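# Coordinate analysis (summary)
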Amino acid sequence: MISFRQLMSEVEKNLGFLSTILFMFFLPYLIGKAYTVSILSVILIWAILAISYDLLLGQAGILSFGHAAPFGVAAYVTAILLLAGFPFLISMIIAILAAGAINLFMGIPVRRVKGVYYAILTLAIAETIRISVDNFARYAGTSVSLIPGYPRFIFSEAFLYFCIMISFILLVLVIYAMYDKIKKRARRDLFFYLSLSPYFIILILSIIGIIKMMSGNRLVIITINFYYLSLITFALSYYLAKIIVRSPMGSVWRAIRDNPIRAETIGYDTYKYSLYALFVSGAFAGIAGSLFALTTVVSPDSVLSATVTLLVLLSVILGGISTLIGPVIGTFIVQYLRYSLSTIPILSYLSMAILGIIYIVVVIVFPYGIMGTWYLKAIGLRRKIRRKLIMILSSR
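What counts, and at which threshold
- Residues numbered from 1 in each chain as written.
- Predicted model: local features only at pLDDT ≥ 70, side-chain atom pairs only at ≥ 80, totals over all residues.
- Heavy atoms only, no water.
- Helix = DSSP H or I, 4+ residues; strand = E, 2+ residues; numbered from the N terminus.
- Rg over C-alpha atoms; globule rule 2.2 N^0.38 Å.
- Contact = heavy atoms within 4.5 Å.
- pLDDT = per-residue confidence, 0-100.
- Axes fitted to C-alpha atoms, helices over the stretch in contact; angles between N-to-C directions.
- Parallel < 35°, antiparallel > 145°, perpendicular 65-115°, else oblique.
- Nonpolar A, V, L, I, M, F, W, Y, C, P; charged D, E, K, R; others polar.
- Phe/Tyr/Trp six-rings, centres within 6.5 Å; stacked < 30°, edge-to-face > 60°.
- Buried < 20%, exposed > 50% of the residue type's maximum accessible area, 1.4 Å probe, protein only.
- Lys NZ or Arg CZ within 6 Å of the ring centre and 35° of its normal.
- Salt bridge = Lys/Arg side-chain N within 4 Å of Asp/Glu carboxyl O.
- Core = buried A, V, L, I, M, F, W, Y, C linked by side-chain atoms within 4.5 Å.
- Left-handed = near helix turned anticlockwise from the far one by under 90°.

Once that is clear, we can look at the overall build of the protein. The helix and strand tally for the protein stands at 18 helices and zero strands. For 396 residues, the compact-globule estimate of 2.2 N^0.38 gives 21 Å, and the protein sits close to it at 22 Å. Oriented by its inertia axes, the alpha-carbon framework of the protein measures out at about 80 × 60 × 55 Å. Once local pairs closer than 6 in sequence are excluded, the contacts in the protein between residues at least 24 apart make up 81%.

The following block contains the structure:
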């Protein structure tokens, strides 16, 4: 049983992440538009898919062009089971295992085929799965497209109140963690309070969101409930991925990524750990695919096409490979631009070309991705800002 002190210690370690999640709980009430909230729900699902790809490419160093396969298989399994009358949770668990298994199957040749050659092989397998699904449906005389719809609890007010209760508990934990952090600090100078300013801003915005929620600014229950489902799943997925990255297995993945020969020399079975990475990555992609099945018509073009892999690869590189938070930021940029451009008739056909141009510019400006470059330059930048602030304050 975890003690209160251990809980607060964990909250303080992840204060930035938990504050962001707290803000996102009340963000729909600050926005007030159902369509924008629906887009945010889908972006959170894509962010889970980006995390799964970062575990594979960023941590284990395995390049795959067939990441749409576990995502699409999970979407199809979830849709089929929901239409058959299975509960969503059971459907999701089976879909996650199926996605992990398909990625594991795709990883069997990884012992002999590596690098770009393996990536092309995964693309061929993913395309084979997509064409097979399409051909099987035509041969069987059934529709290749499935519409599972939302599970029952998405229509329930009980689920909404449950999510609001979680948000208030999170609010109390964040406030207490901030108070504890200030209390423990011996020297409370200007720089210390400046470092806390983002948390204070988030608290103020969250309180404004609570006021708007209490004042009757309510969204359609289906929209807000699915948003909360996506947000909670994203938060748990990110936290679990963080634990895996910091675990001994995550360290072995990075050792294999950096120098596979050395990792094998000191006794690690690189093939076995590569398969572990493929299964775990596939399982996370399965989480995303299972949720995505609820938002769209599940068809080979929507969940199994190479465009899915291309978009997630673009998000990961844009945000910063192996940073975990970078792919999430990259996903928000790519998907927001994608949905924004699709609403403009003139630019809708050029959306991928525009994303490509933005990608080239960002890679030139941020060669290691947005967060990767920030981690490299942040220490020096902080020192420069601190030095300038000291000079300004001392001159006064």
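For the protein, mean pLDDT is 86; residues scoring 70 or higher make up 91% of the total. Looking over the protein, one finds the lowest element-wise mean pLDDT in helix 16 (residues 345-348), namely 68, and the highest in helix 5 (residues 88-106), namely 95.

On to the side chain of Ser-52. Turning to its location among the elements, Ser-52 is positioned in helix 3 (residues 34-59). Dropping the residues within four chain positions of it, Ser-52 is found in contact with His-67, Ser-281, Phe-284 and Ala-285.

Relative orientation of the contacting elements helix 9 (residues 221-246) and helix 10 (residues 248-258) amounts to 65°, with a least axis distance of 4 Å. When the interaxial angle is binned, helix 9 and helix 10 end up roughly perpendicular. Counted together, Ile-244, Val-245 and Arg-246 of helix 9 and Pro-248, Met-249, Gly-250, Ser-251, Trp-253 and Arg-254 of helix 10 form the full contact between these two elements. In terms of residue class, the contact of helix 9 with helix 10 is made up of five nonpolar, two polar and two charged.

Here we take up the packing of aromatic side chains. Summed over all chains, the structure comprises 14 aromatic pairs. For the pair Phe-71 and Phe-292, a centre-to-centre distance of 5.3 Å together with 45° between the ring planes defines the contact as tilted. On the criterion of sequence distance, the pair formed by Phe-71 in helix 4 (residues 68-83) and Phe-292 in helix 12 (residues 270-292) is long-range, its members being 221 residues apart. For the pair Phe-71 and Phe-292, a shared accessibility class is recorded, and that class is buried. Note on Tyr-273 and Tyr-276: the rings are 5.5 Å apart at their centroids and 85° apart in plane angle, and the pair reads as edge-to-face. On the criterion of helical spacing, the pair formed by Tyr-273 and Tyr-276 is a turn pair, its members being three residues apart in helix 12. Under the relative-accessibility criterion, Tyr-273 is labelled buried at 18%. Chaining the aromatic ring pairs together yields one cluster made of Phe-17, Phe-234 and Tyr-238. Arg-111 extends its terminal NZ or CZ atom over the ring of Tyr-271, reaching a point 4.0 Å from the ring centre.

This model, assessed by the stated rule, comprises three salt bridges. Measuring nitrogen to oxygen at the nearest pair gives 2.9 Å for the salt bridge that ties Arg-130 to Glu-127. Of this pair, Arg-130 and Glu-127 both sit in helix 6 (residues 115-140), separated by three residues, roughly a single helical turn. Taking relative accessible area as the criterion, Arg-130 reaches 18% and is therefore assigned buried. Residue Glu-127 is classed as partly exposed on the basis of its relative accessible area of 22%. Two residues, Arg-257 and Asp-258, come together in a salt bridge whose shortest N-O distance is 3.0 Å. Assessed through its relative accessible area of 56%, Asp-258 is described here as exposed. Here the residues in one salt-bridge network are Glu-127, Arg-130 and Asp-301, joined through shared partners.

Moving on: the nonpolar core. When a protein is soluble and globular, its nonpolar side chains tend to lie buried together. Tyr-227 and Tyr-228 are the most contacted members of the largest nonpolar core, which has 117 residues in total. Per-element accounting of this core gives the leading share, 15 residues, to helix 3. With residues near it in sequence (within four places) discarded, Tyr-228 still touches Phe-25, Tyr-29, Phe-159, Leu-160 and Cys-163.

Axis separation between helix 3 and helix 9 bottoms out at 9 Å; the angle between their running directions is 15°. In this view, helix 3 runs roughly parallel relative to helix 9, as classed from their interaxial angle. Our pair here, helix 3 against helix 9, has a crossing hand that is left-handed. For the pair helix 3 and helix 9, the contacting residues are Ala-34, Val-37, Ser-38, Leu-40, Ser-41, Leu-44, Ile-45, Ala-47, Ile-48, Ile-51, Leu-55 and Gln-59 in the first and Thr-223, Phe-226, Tyr-227, Ser-230, Leu-231, Thr-233, Phe-234, Ser-237, Tyr-238, Ala-241 and Val-245 in the second. A per-class count over the contact of helix 3 with helix 9 returns 16 nonpolar, seven polar and no charged.

Tracing the backbone shows Ile-244 in helix 9. You can call Ile-244 buried: its relative accessible area is 14%. Expressed as a C-alpha distance, the spacing of Ile-244 and Leu-355, which sit 111 residues apart in the sequence, is 31 Å. Excluding anything up to four places from it in sequence, Ile-244 contacts Met-249, Gly-250, Trp-253, Val-280 and Phe-284.

Backbone geometry places Ser-322, a non-glycine residue, at a positive phi of 65°. Mapped onto the elements of the fold, Ser-322 is located in the loop between helix 14 (306-319) and helix 15 (325-342). Looking at Ser-322, the relative accessible area reads 32%, which means it is partly exposed. Residues other than glycine seldom take positive phi values, yet Leu-324 does so here, at roughly 70°. Relative to the helices and strands, Leu-324 resides in the loop between helix 14 and helix 15. Residue Leu-324 is classed as buried on the basis of its relative accessible area, which comes to 6%.

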